[in-house]
Amino acid sequence: MKFRIFAILSLIAGSFAFASCIDEEATDATILANDKAAILAYVDTTTIVNVKEFHDEESGIRMIWQLQAQPDTITEFYSTDTVTVNYTGKFLTDQVFETTLESVARANQIYNQNKTYEPVQFILGSVIAGFQFGISQMETGEKATVFVPSRYAYGRNGQGNIGANTPLIFELELVKVNPGPRN
C-alpha cells in the first residue's frame, strides 16, 4: 500500500517536473499558431464587406475595413491620445460579449438598461494591444473589423467571460481622436 502511494506521488511529482521543463516560448508559439489558424478559418468561411485589408503575419493581427475615409491630419498615434470609438467585441463563434451599440446589444440578448449605449472615450494606451493596434491603423470615420490573437488580447489570464487564450474580433468605428501630450 505504501509503495502505491509513493509511486503515485512520484508520478505526480514527475509530471510537475516535466511540465516545468516545457519551453514557455514554444508554448506561446503553439498558442499563437492555433489562434492564427482559427482566425484564418473564420475569415475564410465568413462574408465580410472588404474595401481594404491588412494582415501582419508575425503578430497574426488581421484587419478588414468596411468603410474607408479620406486621410485626416493624424499621421501618427500616441498612447496618450484620447479616442472616441463605437465597437462590438465578439468571439470567433460570433457571440457578442460587449458593445457600445444598443441595437447590437438587443439583437444579441446582452442589453442592459443601466448601460448608456454611445461611443466610448479612452486613452489609447489603456486598452489591450490588439485593440490599440487596430485603432492606430484607422482614420477618423473609418469602420474596420480587427481579428486579435489571444496574445494581443487577454492572453493566458482571460478577463471576465473571456477565457484564457481566446482570440477576439472587434468591429470598430473610429469617431474622433483628441491628440494627447507629445513629448
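Everything quoted here is computed from the prediction, not taken from an experiment.

S.K.: Sorry if this is basic, but what is going on with the layout of surface pockets here?
M.R.: Unfilled space is identified by rolling a water-sized probe across the atoms. Considered as a void within the structure, the largest pocket measures approximately 220 Å³ in volume. Lining the largest pocket are 13 residues, with Y87, F97, E98, Y154 and F170 positioned closest to its centre. A breakdown of the residues in the lining of the largest pocket according to their chemical character gives ten nonpolar, two polar and one charged. For the second largest pocket, the calculated volume is near 170 Å³. Around the second largest pocket sit Q66, N86, Y87, T88, L101, V104, K143, A144, T145, E171, L172 and E173, which together line it. Of all the elements in the fold, those that place two or more residues in the lining of the second largest pocket are β3 (82-91), β6 (143-148) and β7 (168-178). The class makeup of the residues in the lining of the second largest pocket is five nonpolar, four polar and three charged.

S.K.: Help me understand helix α4 (residues 129-136) in this model?
M.R.: Because each turn of an α-helix spans 3.6 residues, side chains separated by three or four positions in sequence point in the same direction. Turning to α4, its buried residues number three or more, namely G130, F131, G134 and I135. Angularly, the buried residues of α4 cover 135° about the axis, an arc narrow enough to put them on a single face. Elements that come into contact with the buried residues of α4 comprise β2 (62-67), β3, β5 (120-123), β6 and β7.

S.K.: Sorry if this is basic, but what is going on with the pattern of salt bridges here?
M.R.: If the charged atoms of two oppositely charged side chains come close together, the side chains can form a pair. Under the definition given, this model contains five salt bridges. Residue K90 pairs with E171 through a salt bridge whose shortest N-O separation is 3.0 Å. One end of the pair, K90, is in strand β3; the other, E171, is in strand β7, and 81 residues separate them in sequence. On the accessibility criterion, E171 (32% relative accessible area) is partly exposed. For E102, the salt bridge is made with R106, and the minimal N-O distance between the two is 2.9 Å. Of this pair, E102 and R106 both sit in helix α3 (residues 102-107), separated by four residues, roughly a single helical turn. By sharing partners, the salt bridges in this structure join K90, D94 and E171 into a single network.

Parameters at a glance
Residues numbered from 1 in each chain as written. Predicted model: local features only at pLDDT ≥ 70, side-chain atom pairs only at ≥ 80, totals over all residues. Heavy atoms only, no water. 1 Å grid on protein atoms, 1.4 Å probe; cavity = no way out; pocket = protein on both sides within 12 Å on 5 of 7 lines; lining within 4 Å. Points joined across faces, edges and corners; volume = space filled by probe spheres on them. Nonpolar A, V, L, I, M, F, W, Y, C, P; charged D, E, K, R; others polar. Helix = DSSP H or I, 4+ residues; strand = E, 2+ residues; numbered from the N terminus. Buried < 20%, exposed > 50% of the residue type's maximum accessible area, 1.4 Å probe, protein only. Arc of directions from axis to C-beta. Contact = heavy atoms within 4.5 Å. Salt bridge = Lys/Arg side-chain N within 4 Å of Asp/Glu carboxyl O.

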